[in-house]
Amino acid sequence: MMPRSTVFAVLRWPLALVAAALILAALFTGRQTPAAEAPVVLPAPALDNPKQHGRLQTAVLAGGCFWGLQGVFEHVRGVQEVLAGYSGGSRSTASYQDVGSGSTGHAESVQIVFDPERLTYGELLQIYFSVAHDPTELNRQGPDEGTQYRSVIFYSDDTQRHIAEGYIAQLNSGKALPRAIVTQLDPLKGFYRAEDYHQDYYLKNPQAPYIVYNDLPKIRNLKTLFPTYYSDAPTTVGAR
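Below, the structure is looked at part by part. (Residues numbered from 1 in each chain as written. Predicted model: local features only at pLDDT ≥ 70, side-chain atom pairs only at ≥ 80, totals over all residues. Heavy atoms only, no water.)

Focus: the environment of Ala 132
Mapped onto the fold, Ala 132 is located in helix H5 (residues 121-132). Residues Ala 132 and Lys 218, spaced 86 residues apart in sequence, show a C-alpha to C-alpha distance of 6.1 Å. (Helix = DSSP H or I, 4+ residues; strand = E, 2+ residues; numbered from the N terminus.)

A closer look at the environment of Glu 108
Counting through the fold element by element, Glu 108 comes out in strand S3 (residues 107-114). Spatially, the C-alpha atoms of Glu 108 and Val 152 are 9.8 Å apart, while their sequence positions differ by 44 residues. Of the polar contacts made by the side chain of Glu 108, one reaches the backbone nitrogen of Phe 66; its length is 3.0 Å. (Polar contact = N/O pair within 3.5 Å; in protein donor to acceptor, adjacent residues only side chain to side chain.)

Section: the side chain of Glu 74
Topologically, Glu 74 is positioned in helix H3 (residues 66-74). At 9.1 Å, Lys 204 is the nearest oppositely charged side chain to Glu 74, a buried residue that forms no salt bridge. Ignoring anything within four residues of it in the chain, the contact list for Glu 74 reads Val 82, Asp 200, Tyr 202, Leu 203, Ala 233, Pro 234, Thr 235, Thr 236 and Val 237. (Buried < 20%, exposed > 50% of the residue type's maximum accessible area, 1.4 Å probe, protein only. Lys, Arg positive; Asp, Glu negative; His and termini not counted. Salt bridge = Lys/Arg side-chain N within 4 Å of Asp/Glu carboxyl O. Contact = heavy atoms within 4.5 Å.)

Examining unusual backbone geometry
A positive phi angle, near 55 degrees, is found at Asn 139, a position not held by glycine. By secondary structure assignment, the location of Asn 139 is in the loop between H5 and strand S4 (140-141). Among the residues examined, Asn 139 registers a relative accessible area of 27% and is labelled partly exposed.

Let's talk about H3
Three or four residues apart is the spacing at which side chains of an α-helix point the same way, because the helix has 3.6 residues per turn. Burial of H3 is extensive: 9 of the 9 residues sit out of reach of the surface. Here H3 has its buried residues at Phe 66, Trp 67, Gly 68, Leu 69, Gln 70, Gly 71, Val 72, Phe 73 and Glu 74.

Details of the packing of H3 against H5
Close contact between H3 and H5 brings their axes to 11 Å; oriented N to C, the two are set at 125 degrees. Put simply, H3 runs oblique to H5. Between H3 and H5 the crossing geometry is right-handed. Listed contacts from H5 to Leu 69, Val 72 and Phe 73 of H3 are Leu 124, Ile 127, Tyr 128, Val 131 and Ala 132. (Axes fitted to C-alpha atoms, helices over the stretch in contact; angles between N-to-C directions. Parallel < 35°, antiparallel > 145°, perpendicular 65-115°, else oblique. Left-handed = near helix turned anticlockwise from the far one by under 90°.)

Focus on the side chain of Ser 231
In this fold, Ser 231 is placed in the segment after helix H8 (209-225). Its relative accessible area of 14% is what places Ser 231 among the buried residues. Excluding its chain neighbours within four sequence positions, the residues that come into contact with Ser 231 are His 75 and Arg 77.

Encoded structure:
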């Protein structure tokens, strides 16, 4: 598939032409297009927190370009805010240009603030593994390649770690996916907000070919496969 830098260069192409080019690229590389993939609702985690009143909680997840991850979770009921950013490296290299080199240790990530009375951490992970990205792809997602696009859960405490570990083991042992999950589990050492132009990117650029081809299908899958979690009104960064 085309790298994201190449897709940027053709943003002004007619959408039909871009779609055709991307599909041809997929055929030549032997990779499936999003339309050819069949997302499924994975089983809920056997180990999870109960829904209960309390302070807002935070999850930090990575899995490919943060535009799509942010778009998916902004449409999840119970989510209060989703920020695009960087995690896994140092503050000094937390910039789009540096992270794009693949040498900073950062992954493009999202920080999700959610209400534990309406949504559990395990339910977030169920959506993350089912529709937000492909957890069986190593150091890439779709057209994007490099460790900055790796699948990784940055846990903030032992409870999050145990839920994530248990869920990955559950999905792998049950062969819920055709290949083994390669998602990493790393302790959260810091989350650094991305540049303003990345926030709510899919909402600001709904006709950009990259968004149309890679990210809008994820949001449609969320609506189709998780209707009770889906909200038509996204929680945008500008709303808080």
